[in-house]
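# A look at the structure
The primary structure of each chain is shown beneath.
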Amino acid sequence: MFKKEIEIVIVLDNYPVHHAKILKKTCKYLNITLIHLPPYSSKLSPIEQVWRTIKKELSTEFIESEEFLIENFEKWLYENIDKKSYTKNGLINSYLT
């Protein structure tokens, strides 16, 4: 029945809900592979690298209002989220192989 499906692999941190039995059962049923990152391994998580970059940019700005922060945060997020360098550094690939 699932012969034409694509392979799905999800990389998760160790947030407790990511270890829930229902999640594991559902993923097994749907043929989704779960890979849990080791504890305290923020350098392996691309989104952590995005946050680090955004925090670095934010630290040089004077935050004049909540609206300013929201607008600029969104701009920095979209500028950084698609950068291939976050996954090309080999850390994620070396962990998965």
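Refer to the structure printed above.
Parameters at a glance
Residues numbered from 1 in each chain as written. Predicted model: local features only at pLDDT ≥ 70, side-chain atom pairs only at ≥ 80, totals over all residues. Heavy atoms only, no water. Helix = DSSP H or I, 4+ residues; strand = E, 2+ residues; numbered from the N terminus. Buried < 20%, exposed > 50% of the residue type's maximum accessible area, 1.4 Å probe, protein only. Contact = heavy atoms within 4.5 Å. Areas by Shrake-Rupley, 256 points an atom, 1.4 Å probe, with all protein chains shown as cover. Patch = residues over 30% accessible without salt bridge, like charges linked within 9 Å, V, L, I, M, F, W, Y side chains within 5 Å. Salt bridge = Lys/Arg side-chain N within 4 Å of Asp/Glu carboxyl O. Lys, Arg positive; Asp, Glu negative; His and termini not counted. Charge placed at Lys NZ, Arg CZ, Asp CG, Glu CD. Phe/Tyr/Trp six-rings, centres within 6.5 Å; stacked < 30°, edge-to-face > 60°. Pairing = 2+ DSSP bridges. Right-handed = clockwise from strand over helix to strand, strands pointing away.

## Focus: the overall build of the protein chain
Scanning the protein chain for helices and strands turns up 5 helices and 2 strands. In sequence order, the protein chain lays out its α and β elements as β-α-β-α-α-α-α. Counting all 97 residues of the protein chain, 20% fall into the buried class. Here the analysis covers contacts within the protein chain between residues at least 6 apart in sequence; of these, 51% occur between residues at least 24 apart. In the form shown here, the protein chain has an accessible surface area of approximately 8,000 Å², with 60% of it arising from carbon and sulfur atoms.

## What about a negative patch on the surface?
There is a patch of like negative charges on the surface, built from Glu66, Glu67, Glu71 and Glu74. One can find Glu71 in helix 3 (residues 66–81).

## Some points on the packing of aromatic side chains
Following the criterion strictly, the structure yields 1 aromatic pair and no others. Arranged with centres 5.9 Å apart and planes meeting at 20 degrees, the rings of Trp51 and Phe73 form a pair that is stacked. Of this pair, Trp51 sits in helix 2 (residues 46–58) while Phe73 sits in helix 3, and the two are 22 residues apart along the sequence.

## Examining the pairing of strand 2 (residues 32–36)
Two faces make up the sheet, and in a regular strand the side chains alternate between them. As defined by bridge partners, strand 1 (residues 8–12) adjoins strand 2 across 5 bridges and the pair is classed as parallel. Counterpart to Ile8 in the pairing with strand 2 is Ile32. Taking the sense of rotation as the criterion, the β-α-β connection linking strand 1, helix 1 (residues 21–29) and strand 2 turns out right-handed.

## Describing a nonpolar patch on the surface
Together, Ile6, Ile8 and Ile10 line one region of the surface with nonpolar side chains, adding up to about 260 Å² of accessible area. With respect to the helices and strands, Ile8 occurs in strand 1. Taking relative accessible area as the criterion, Ile8 reaches 34% and is therefore assigned partly exposed.

## A short note on the environment of Ile47
Tracing the backbone through its elements, the reader meets Ile47 in helix 2. Considering only alpha carbons, one finds Ile47 and Asn80, 33 residues apart in sequence, at a separation of 9.6 Å.

## Section: unusual backbone geometry
Within the chain, Asn31 stands out as a residue other than glycine whose phi angle is a positive 60 degrees. Position of Asn31 relative to the elements: it lies in the loop between helix 1 and strand 2.

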